[in-house]
Amino acid sequence: MIKIKDLHATIEGNEILKGLNLEINAGEVHAIMGPNGSGKSTLANVLAGHEGYEVTKGEVIYEDKDLLDLAPEDRAREGLFLAFQYPIEIPGISNATFLKTAVNEIRKYRGEEELTAKQFLDLIKEKTKILDMDNSLLSRSVNTGFSGGEKKRNEIFQLLMLDPKFAMLDETDSGLDIDALKLVSHGVNSFKAKDKAVLVVTHYQRLLDYIVPDFVHVLSNGKIIKSGGKELALELEEKGYDWIKPEKAAAHSA
Amino acid sequence: MSEEELSEDMKVVEDVTQSEYKWGFVTDIEADEAPKGLNEEIVRFISAKKGEPEWMLEWRLKAYRYWLKMEEPKWAKVGYPKIDFQDIRYYSAPKQKPELESLDEVDPELIKTFEKLGIPIEEQKRLSGVAVDAVFDSVSVATTFKKTLEDKGIIFSSVSEAVKNHPELVKKYLGSVVPYTDNYYAALNAAVFSDGSFVFIPKGVRCPMELSTYFRINAQDTGQFERTLIIAEDSSYVSYLEGCTAPMRDNNQLHAAVVELITLDNAEIKYSTVQNWYPGDKDGKGGIYNFVTKRGVCRGVNSKISWTQVETGSAITWKYPSCVLQGDNSVGEFYSVAVTNNFQQADTGTKMIHLGKNTKSTIISKGISAGRSDNSYRGLVKVGKKAEGSRNFSQCDSMLMGDQCGAHTFPYIEVDNKSAMVEHEATTSKVGEDQIFYLNQRGISTEDAINLIVNGFCKEVFNELPMEFAVEAQKLLAISLEGSVG
């Protein structure tokens, strides 16, 4: 689904990604772990098209398209989704209006009819159920005054509503209590399918108990230095990151 | 000495005026436009062109003489080169036959212009049921739906016609809300006003349609001095729409309109404006100076005046639609969106003057600044000694786009009655690139993202606009803010 080759990216002149390689196929769940500052969030933001980052080298092929050539909104319309680490507040626009606009923009791009009010409401009902979400969050302004947990849950709600192909979760587990973590994971698991892929960025193994990855990668200093199965996450949890670093494993592509 | 040299030499209005007498303009009554400059001759010329009675001319002259003694106000937070009032043409009429019965008689060129502006009068007649009094430059050219209105006893005409046909009403009400002594531009307007709309809703009549005047500034260097007077008698209601647009142009243009509203017992006037005059180019060159005095008096008990405005145009806006709440239990409302971009400057707000008992006012002001513009809210809430139990609620929100623009709030509150309650809330927010990226990531284009954010911000005001107007206002906002972020 997505193939990242020798990706280099800088922010304000500092190189954060230093030749990252990664390939993710449909139906797979990948987890990226790594110490603070290793470039995990940068990778997610670069793939989503954040303007603050400059790609200086490398390429990303997404569904046979040059991803880096696409505007951020077109990446989203092509089915790439980022659940933000820090969801942004937008006062004055209700969550419902925002979602309706987004859903219909994406449908339009795919050449599909816009949803009727009834269809949209039915979709909302179905998805809020999965996340056990309070309907009042829909009439409130986007993320405005939401608690940390509500914001994260709202991200996953958007994931389910927009139904992308490739979902990136940027530390979605941070700030969640165990009940919320279970609900959010349940939401993500209900999204998983043969034709979908998920990239989970996290610090902690805990989330991976609920969203079980097929592959785990360790990102350090802008490169993937080790890849493995889900047991790698457990190993990291036990030993920390230091034991890998000396290995200086060659850039690894899955 | 030529007119040009004259204007160069003169620094102060007084000097110029004295010199003018010396040069003694001779104006041709048959001319379609007045020569540049202002003096008593010009005032007489305008009055004569309109075939006005003596009392009207006298009033104009009194205003003119009063204006001579006044000084241009300087307190607003706007900056612009000194206006040379002698370099302005105060009258220009489109070439046409007078007294038209139907649209067929209107100059087709004129109709074409309206169509270019997206205001096909024929269409509007058919589709929206809006009666249109189209003012093209200084003379009314088409008044539609007159018959329907006449059947109800409603008068909707140009002020010029009203002076001729309903002198008793004009004498009674003109200048009763905004006297020519009120301020510099009100005095100037009284002296040289070209035309405008006159609306009279008789007792107990609810106007069956939105009344609307579209006007635009067209002739080169012609200041537009509109004068609008709306009277709602006991238990009547009218909604009036004012929409403006102007073509691109290079020279700064002065626009000094006066609008007067009067509501008697239990009457209501809703006055909505979408203002989209040429704001100048990206470098701040050109654009219209909009110095407007708008005021309504709730003269009767339980009466209501509601101002809704969406201001996106003009290089400089100086405008404070106000309500004088004289009748007991009367209500004043002000809903405003003011957008400034590039080098635009807006100093706008309202005055709510509570005089009667249990009077209520609401102020919702939304300022959006982008580019290098400056946007100020200036509002006065005044509660008089006798205004027992009065209430005001004010909310002023500012939104900034980019980091080179300015937003300012100047609330003035004067309360002379202890039982009154006055509330003021203000917020400032910034449209961030992060917000836009967030919306982008959900498949929404940057342009739509800005529209969403801005419309969300302005929602409370748009809700007050008549439906079609609200749609137009949203489009205007989008155009005004194009390219201002990201």
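What this report covers is the structure whose coordinates are included nearby. Residues take numbers from 1 onward in each chain, read along the sequence in its written order. All chains are assigned letters beginning at A, and all ligands numbers beginning at 1, according to the order in which they are written. At least 70 in pLDDT is required for a residue's local features to be given in this predicted model, at least 80 for side-chain atom pairs to be given and counted, and no such filter applies to totals for whole chains, interfaces and linings, which use all residues. As a rule here, side-chain values come from all non-hydrogen atoms in the structure, and water together with hydrogens is ignored.

**A look at the overall build of chain A**
Defined as follows: Starting at the N terminus, helices and strands are each numbered in turn, a helix being any DSSP run of H or I of at least four residues and a strand any DSSP run of E of at least two. Our radius of gyration looks at C-alpha atoms and nothing else; its globule reference is 2.2 Å times the residue count to the power 0.38. Residue contacts are defined here by distance: any two heavy atoms, one from each residue, within 4.5 Å place the two residues in contact. Only the protein chains shown count as cover for residues, and all accessible areas are computed by the Shrake-Rupley method using a 1.4 Å probe. Here the positive residues are Lys and Arg and the negative ones are Asp and Glu; neither His nor the chain ends is included. For this purpose, a charge sits on NZ of Lys, CZ of Arg, CG of Asp or CD of Glu.
The helix and strand tally for chain A stands at nine helices and 12 strands. Taking 254 residues into account, the globule formula puts the C-alpha radius of gyration at 18 Å, and chain A, at 18 Å, falls close to it. In terms of principal-axis extent, the alpha carbons of chain A reach across some 55 × 40 × 35 Å. Across chain A, contacts joining residues at least 24 apart in sequence account for 70% of those joining residues at least 6 apart. Here chain A displays about 11000 Å² of accessible surface, and carbon together with sulfur accounts for 47% of that area. Mean positive and mean negative side-chain charge positions of chain A (32 and 41 charges, respectively) differ by 2 Å.

**Focus: the overall build of chain B**
Defined as follows: Only protein chains enter the accessibility calculation, which uses a 1.4 Å probe; a residue is then buried when its area is under 20% of its type maximum, exposed when over 50%, and partly exposed in between.
Each helix and strand counted, chain B has 13 helices and 21 strands in total. When the 486 residues of chain B are sorted by exposure, 60% land in the buried category. Long-range pairs, those at least 24 residues apart, make up 82% of the contacts in chain B with a sequence separation of at least 6. For chain B, the exposed surface amounts to about 19200 Å²; the carbon and sulfur share of it is 49%.

**Notes on the packing of aromatic side chains**
All names here are of chain B. Which entries qualify depends on this criterion: Centres within 6.5 Å make a pair out of two Phe, Tyr or Trp rings, where for Trp the six-membered ring is used; the pair is then stacked when the planes are under 30 degrees apart, edge-to-face when over 60, and tilted otherwise.
Under the counting rule described, the total for this entry stands at 25 aromatic pairs over all chains. Measuring from ring centre to ring centre gives 6.1 Å for F291 and W318, while their planes differ by 90 degrees; the resulting arrangement is edge-to-face. One end of the pair, F291, is in strand β11 (residues 288-298); the other, W318, is in strand β13 (residues 316-319), with 27 residues separating them in the sequence. You'll find F291 and W318 in the same group, each marked buried. Feature note: the residues Y64, W67, W75, Y80, F85, Y184, Y185, Y289, F291, W318 and Y320 constitute an aromatic cluster, connected by ring pairs.

**Details of the interface of chain B and chain A**
Let me state the cut-off plainly: Accessible-area loss on putting two parts together, using a 1.4 Å probe and summing over both, is the definition of buried area adopted here. Any carboxyl oxygen of Asp or Glu within 4 Å of a side-chain nitrogen of Lys or Arg constitutes a salt bridge here. N or O atoms closer than or at 3.5 Å make up a polar contact, with two conditions inside protein: a donor-capable atom paired with an acceptor-capable one, and, for residues adjacent in sequence, both atoms drawn from side chains. Polar here means any residue outside two lists: the nonpolar Ala, Val, Leu, Ile, Met, Phe, Trp, Tyr, Cys and Pro, and the charged Asp, Glu, Lys and Arg; Gly therefore counts as polar.
Taken together, the 17 residues of chain B in the interface contact 31 residues of chain A. Regarding the contact of chain B and chain A, the summed buried area is about 2000 Å², with carbon and sulfur atoms giving 64% of it. Among the residues of chain B in contact with chain A, F437(B), Y438(B) and R442(B) are the three that bury the most area, contributing 37% of the side total. At the junction of chain B with chain A, the criterion picks out one salt bridge. Across the pair R442(B) and E155(A) runs a salt bridge whose closest N-O atoms are separated by 2.6 Å. Counting across the chain B and chain A interface gives 11 residue pairs in polar contact (both at pLDDT 80 or more). Sorting the residues of the side of chain B that touches chain A by element identifies α11 (433-440) and α12 (446-462) of chain B as the ones contributing at least two each. In the side of chain B that touches chain A, the residues fall into six nonpolar, seven polar and four charged.

**Notes on the sheet that holds strand β12 (residues 223-228) of chain A**
Residues and elements named next belong to chain A. Where we set the bar: The pairing criterion is simple: DSSP has to find at least two bridges between the two strands. To define axes, lines are fitted to C-alpha atoms, for helices over the stretch in contact only, and angles between the resulting N-to-C directions are given on a 0 to 180 degree scale.
Strand order in the open sheet made by the six strands is β6-β9-β10-β3-β11-β12, with mixed pairing throughout. The open sheet is flanked by β6 (80-83) and β12, the only strands paired with a single partner. Here the strands of the sheet are splayed against their neighbours by 20 degrees on average, with no regard to which way each runs. As paired elements, strand β3 (residues 29-33) and strand β11 (residues 215-220) share four bridges and run parallel to each other. If you follow A31 over to β11, its bridge partner there is V216. Of the strands in this sheet, β6 and β9 (166-170) touch helix α6 (residues 148-162), which is tilted by about 165 degrees from β6. Contacts from helix α9 (residues 231-239) reach β3, β11 and β12 within the one sheet, and its direction differs from that of β11 by about 45 degrees.

**A word on the nonpolar core**
For clarity, the threshold we go by: Among buried residues, those of type Ala, Val, Leu, Ile, Met, Phe, Trp, Tyr and Cys that are joined through side-chain atoms within 4.5 Å constitute a nonpolar core.
Core analysis: the biggest nonpolar cluster contains 112 residues, and F166(A) and I368(B) have the highest contact counts within it. The residues touching F166(A), leaving out its near neighbours within four places in the chain, are M1(A), I2(A), I24(A), L47(A), Y62(A), G79(A), L80(A), F81(A), A197(A), V198(A) and L199(A). Listed in part, the 62 residues of the second largest apolar core include L169(B), V177(B), Y180(B) and W318(B).

**Considering unusual backbone geometry**
With a phi close to 50 degrees, N221(A) is a non-glycine residue in the positive phi region. By the secondary structure assignment, N221(A) is in the loop between β11 and β12. If you check the backbone angles, N342(B) has positive phi at about 50 degrees while not being a glycine. As for its position among the elements, N342(B) is in the loop between β15 (331-340) and β16 (345-354).

**Describing the pattern of salt bridges**
Tallied over the entire structure, the rule returns 32 salt bridges over all chains. Between K82(B) and E72(B) there is a salt bridge; the shortest N-O distance is 3.4 Å. Of this pair, K82(B) sits in the loop between α4 (54-68) and α5 (108-116) while E72(B) sits in the loop between α4 and α5, and the two are 10 residues apart along the sequence. Residue classification places K82(B) among the exposed residues on the basis of a relative accessible area of 54%. When salt bridges with common partners are traced through the structure, they connect D74(A), R77(A), E105(A) and K108(A) into a single cluster.

**Here we look at helix α3 (residues 95-109) of chain A**
All names here are of chain A. The criterion, for reference: In this scheme, a helix's expected span is set at 1.5 Å multiplied by one less than its residue total.
With 15 residues, α3 extends 21 Å from end C-alpha to end C-alpha; this agrees with the ideal 21 Å at 1.5 Å per step. Within α3, burial applies to N95, F98, L99, A102, V103, N104, E105 and I106. Downstream of α3 by one or two residues, G111 has phi in the positive range, about 75 degrees.

**Quick look at the side chain of E333(B)**
All names here are of chain B. Mapped onto the fold, E333 is located in strand β15. On the accessibility criterion, E333 (11% relative accessible area) is buried. Ignoring anything within four residues of it in the chain, the contact list for E333 reads K304, I305, S306, W307, C323, M352 and T362.

**With respect to α12(B)**
Residue and element names in this part refer to chain B. Convention followed: Throughout, the bend at a residue refers to the angle made by two axes, fitted to the seven residues ending there and to the seven starting there.
Largest kink in α12: about 45 degrees, centred on G456. Counting buried positions along α12 yields 12 of 17 residues, so the element is predominantly enclosed. Taken as a whole, α12 has its buried residues at A449, I450, N451, L452, I453, V454, N455, G456, F457, C458, V461 and F462.

**What about the state of the cysteines?**
Throughout this description, disulfide means a covalent bond between two cysteine sulfur atoms. Residues and elements named next belong to chain B. Stated precisely, the cut-off is as follows: Two cysteine sulfur atoms form a disulfide, by the criterion used here, when they sit within 2.5 Å.
Here the structure, examined in full by the defined rule, presents zero disulfides over all chains. In this model C207 remains outside any disulfide bridge; the closest cysteine sulfur is found in C298, 18 Å from its own. What makes C207 buried here is its relative accessible area of 7%. Cysteine C323 shares no disulfide, and the gap to the nearest cysteine sulfur, in C298, comes to 5.8 Å.

**Thoughts on the sheet that holds strand β5 (residues 65-66) of chain A**
Residues and elements named next belong to chain A. Strand order in the open sheet formed by four strands is β2-β1-β4-β5, and the pairing between neighbours is antiparallel. Looking at the sheet topology across the chains shown, the edges are occupied by β2 (14-24) and β5. Strand direction decides the pairing type here: strand β1 (residues 2-11) and strand β4 (residues 53-62), joined by eight bridges, are antiparallel. For K3, the partnering residue across the bridge sits in β4 and is I61.

**Things to note about the packing of helix α4 (residues 117-131) of chain A against α6(A)**
Each pair of packed helices gets described by two things: the angle between the helix axes and the distance between those axes. Residues and elements named next belong to chain A. The cut-off we apply is this: When an angle is under 35 degrees it counts as roughly parallel; over 145 it counts as roughly antiparallel; between 65 and 115 it counts as roughly perpendicular; any other value is oblique. What makes a crossing left-handed is the near helix being turned counterclockwise from the far one by less than a right angle; a clockwise turn instead makes it right-handed.
Following both chains from N to C, one finds α4 and α6 inclined at 130 degrees, their axes separated by 10 Å at the closest point. Put simply, α4 runs oblique to α6. Seen from above, α4 lies across α6 with right-handed handedness. Each of F120, L123, I124, K127, T128, I130 and L131 in α4 lies in contact with α6, whose residues at this interface are R153, I156, F157, L160 and M161. Among the residues forming the contact of α4 with α6, the class breakdown is nine nonpolar, one polar and two charged.

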